[in-house]
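# Observations on the three-dimensional arrangement
Take a look at the letters that make up each chain.
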Amino acid sequence: MNVAVNKQNLLYKIGVIPGDGIGQEVTPVAVDVLRAAGLPATYIELEAGWDTFQATGSALPDATLAALTGCDGAIFGAVSSPSGSVPGYASPIIALRKALDLYANLRPIRSAPLLQSRVGVDLLIVRENTECLYVKEERLEDDGRRAVATRVITADASTRIARKAFDLARARANARGRRGFVTIVHKANVLSVSDGLFRACALAVAEEYSDVAVEEQLVDSMAYRLILEPERYDVIVAPNLYGDILSDEAAALTGGLGLVPSANAGDGFALVEPVHGSAPDIAGQGIANPVASVRAAALLCAALGQETMAAVIEEAVTHVLAHGPRTRDLGGNATTQAVAEAIIEQVNRLKMKD
Ligand code: NAI
Ligand code: MG
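What counts and how
Residues numbered from 1 in each chain as written. Chains lettered and ligands numbered in written order. Predicted model: local features only at pLDDT ≥ 70, side-chain atom pairs only at ≥ 80, totals over all residues. Heavy atoms only, no water. 1 Å grid on protein atoms, 1.4 Å probe; cavity = no way out; pocket = protein on both sides within 12 Å on 5 of 7 lines; lining within 4 Å. Points joined across faces, edges and corners; volume = space filled by probe spheres on them. Helix = DSSP H or I, 4+ residues; strand = E, 2+ residues; numbered from the N terminus. Nonpolar A, V, L, I, M, F, W, Y, C, P; charged D, E, K, R; others polar. Domains from an automatic or database assignment. Disulfide = S-S within 2.5 Å. Buried < 20%, exposed > 50% of the residue type's maximum accessible area, 1.4 Å probe, protein only. Near = heavy atom within 4 Å. Polar contact = N/O pair within 3.5 Å; in protein donor to acceptor, adjacent residues only side chain to side chain. Areas by Shrake-Rupley, 256 points an atom, 1.4 Å probe, with all protein chains shown as cover. Axes fitted to C-alpha atoms, helices over the stretch in contact; angles between N-to-C directions. Parallel < 35°, antiparallel > 145°, perpendicular 65-115°, else oblique. Left-handed = near helix turned anticlockwise from the far one by under 90°. Contact = heavy atoms within 4.5 Å. Pairing = 2+ DSSP bridges. Phe/Tyr/Trp six-rings, centres within 6.5 Å; stacked < 30°, edge-to-face > 60°. pLDDT = per-residue confidence, 0-100. Buried area = accessible area lost by both parts, 1.4 Å probe. Salt bridge = Lys/Arg side-chain N within 4 Å of Asp/Glu carboxyl O.

### Side note on empty space enclosed by the protein
Evaluated as defined, the whole model comprises one cavity of 30 Å³ or more. Its volume calculated, the largest cavity comes out at about 70 Å³. In terms of lining residues, the largest cavity is bounded by I94, R97, K98, R127, N129, T130, Y134 and N240. Ranked by residue count, the leading element in the lining of the largest cavity is helix α4 (residues 92-99), at three residues. Partitioned by chemical class, the residues of the lining of the largest cavity number two nonpolar, three polar and three charged. Mapping the lining of the largest cavity onto the domain boundaries places at least three of its residues in each of domain 1 (1-109 + 258-354) and domain 2 (118-253).

### Things to note about the state of the cysteines
Think of a disulfide as a covalent bridge from one cysteine sulfur atom to another cysteine sulfur atom. Counted according to the given criterion, the structure contains zero disulfides. Take C71: it sits in no disulfide, and the sulfur closest to it among the cysteines is that of C301, at 15 Å. The class for C71 is buried, based on a relative accessible area of 8%. Unpaired in terms of disulfides, C132 finds its nearest cysteine sulfur in C201, a separation of 14 Å.

### Here's the deal with the site of ligand 1
In the vicinity of ligand 1 lie 21 residues, with V79, S81, G277, A279 and D281 positioned nearest. S81 places a polar main-chain atom, nitrogen or oxygen, 2.9 Å from an oxygen atom of ligand 1. Contacts to ligand 1 include E273, whose side-chain N or O atom sits 3.1 Å from a nitrogen atom. Against a free-state accessible area of 810 Å², the protein chains account for coverage of 68% of ligand 1. Within the shell around ligand 1, the residues separate by chemical class into 11 nonpolar, seven polar and three charged.

### Structural notes on unusual backbone geometry
Between G324 and P325 the backbone carries a cis peptide bond, its omega angle lying at 0 degrees. Look at D101: it is not a glycine, yet its phi comes out positive at around 50 degrees. On the secondary structure map, D101 appears in the loop between α4 and β4 (104-110). A relative accessible area of 33% places D101 in the partly exposed class. A positive phi angle is found at A279, which is not glycine, with a value near 45 degrees.

### Looking at the packing of helix α1 (residues 23-37) against helix α9 (residues 291-303)
Running from N to C, α1 and α9 point in directions that differ by 45 degrees, and their axes come no closer than 8 Å. When the interaxial angle is binned, α1 and α9 end up oblique. Regarding α1 and α9, the two cross each other, and that crossing is right-handed. Side by side, α1 and α9 meet where V26, T27, V29, A30, V33 and L34 of the first sit next to S293, V294, A297, L300 and C301 of the second. Class assignment of the residues belonging to the contact of α1 with α9 gives a composition of nine nonpolar, two polar and no charged.

### A short note on the sheet that holds strand β8 (residues 180-186)
Sheet strands pair via backbone hydrogen bonds, and the direction of the pair is either parallel or antiparallel. The strand order across the open sheet formed by 10 strands is β2-β1-β3-β12-β11-β4-β5-β10-β8-β9, and the pairing between neighbours is mixed. The sheet is open, and its two edges are formed by β2 (41-45) and β9 (212-218), each paired on a single side. With strand direction ignored, the average angle separating the axes of adjacent strands in the sheet is 20 degrees. Two elements, β8 and β9, share seven bridges in a ladder whose sense is parallel. Following the sheet pairing, I184 is matched in β9 by E216.

### Side note on the packing of aromatic side chains
Applying the stated rule across the entire model yields five aromatic pairs. Seen from their ring centres, W50 and Y89 are 5.1 Å apart, and the 70 degrees between their planes marks the pair as edge-to-face. On the criterion of sequence distance, the pair formed by W50 in helix α2 (residues 50-56) and Y89 in the loop between β3 (73-78) and α4 is long-range, its members being 39 residues apart. Given the relative accessible area of 13%, Y89 is considered buried.

### Observations concerning the confidence of the model for the protein
The predicted structure's coordinates, where accompanied by low pLDDT, should not be read in detail. The pLDDT averaged across the protein works out to 95; a share of 97% of its residues lies at or above 70. Of the regions scoring below 50 in pLDDT, residues 1-6 engages in 28 contacts with residues more than four places distant in sequence or in other chains.

### A word on the domain arrangement of the protein
Along its sequence, the protein is carved into domain 1 (1-109 + 258-354) and domain 2 (118-253). With 20 residues of domain 1 at the interface, the matching set in domain 2 holds 23 residues. On the domain 1 side of the interface with domain 2, the three residues burying the most area are Y103, R107 and I109, jointly 41% of the side's total. Our count for the domain 1 to domain 2 interface comes out at two salt bridges.

### Digging into the layout of surface pockets
Its volume calculated, the largest pocket comes out at about 970 Å³. Every residue lining the largest pocket is counted, 30 residues in all, and those nearest its centre are S81, S91, I94, Y134 and K136. Secondary structure elements with two or more residues in the lining of the largest pocket: β3, α4, β6 (132-141), α8 (240-253) and β12 (270-274).

### A few points about the side chain of S293
Within the secondary structure, S293 is located in helix α9. At a separation of 3.4 Å, a polar atom in the side chain of S293 contacts the main-chain carbonyl oxygen of V26. Excluding its chain neighbours within four sequence positions, the residues that come into contact with S293 are V26, T27, A30, I75 and P274.

Have a look at this one:
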């Protein structure tokens, strides 16, 4: 996941976009953990989201986008998006992925030391991040009685995401001392043109990686088998919408959305974020689980080439998950702040050991 050059003796410039709802509560924790871990960085707080839209008329101000292009990486919280269409509003995270060409959405999901977590899960969902139904070309026809959405699948994007998946499978295989394994997810039996193209491109890439095992899975049976035997899977590569849905499902296997991070990765930049959204049902109460955001910070360290720092943060999180304190989503009653302090204490302890 190394997407940026390692800049020894330099300060990284990190964009910080808390966004809406619990994004405002968990993102500062991630920054505090990065500071504790010793990432040499300056942090630039940037605006985006629904609240920004309400205040300024733009969900993604030009200033935010301009500042990000001068950053080495970014950490994002979450934004609230209305379910109906609001004139002038578009989800800034989707716009950012497009504007910065962050074509791969990488979502690692691993067993947690929790009773509610399945055992033996260690998988990586590699979600195509720029096209599919997320091009958002939707229109009403027939006096509003017919809604049509365009689904775009291109050979270039499909090949590029498949290469990413196979490269990562190879790297994971080396790190774990076993053969890599990629599952290509599609629904080409029904969508034979669009998913047919995705499938053909991914299978062509698979030919270049004889050291990596490959399997195809229709998306519906993938959803089923993820519940049945999640420990069987390694890297799962999928078009945008299927990857989005499967990653929330996979999160439920290992302790929930409060735990799972993601990296939106391009070739020279990563914007990391929790998989969860702004959680309006618990926002403002100080009880959101900060772990997903802290783990996103670890992914940012890894993307910057700071693997040791990433490992320290992950180990600190694992310790706190095992011993507490835990937030309500994990069956505890701790506040966001209490969990944050416990993670930072562990980061400091692990740093002393080095
Ligand atoms: P959500 O992920 O915000 O929440 C789903 C459920 O999980 C809620 O019950 C929530 O309380 C719980 N949850 C999520 N994160 C948690 C955490 N860190 N700690 C404890 N509990 C947590 O998804 P939902 O409710 O479907 O969407 C809410 C808003 O978030 C919507 O406006 C949606 O558009 C937006 N959203 C934004 C995303 C982004 O910015 N990347 C991603 C997903 C949703
Ligand atoms: Mg999602």
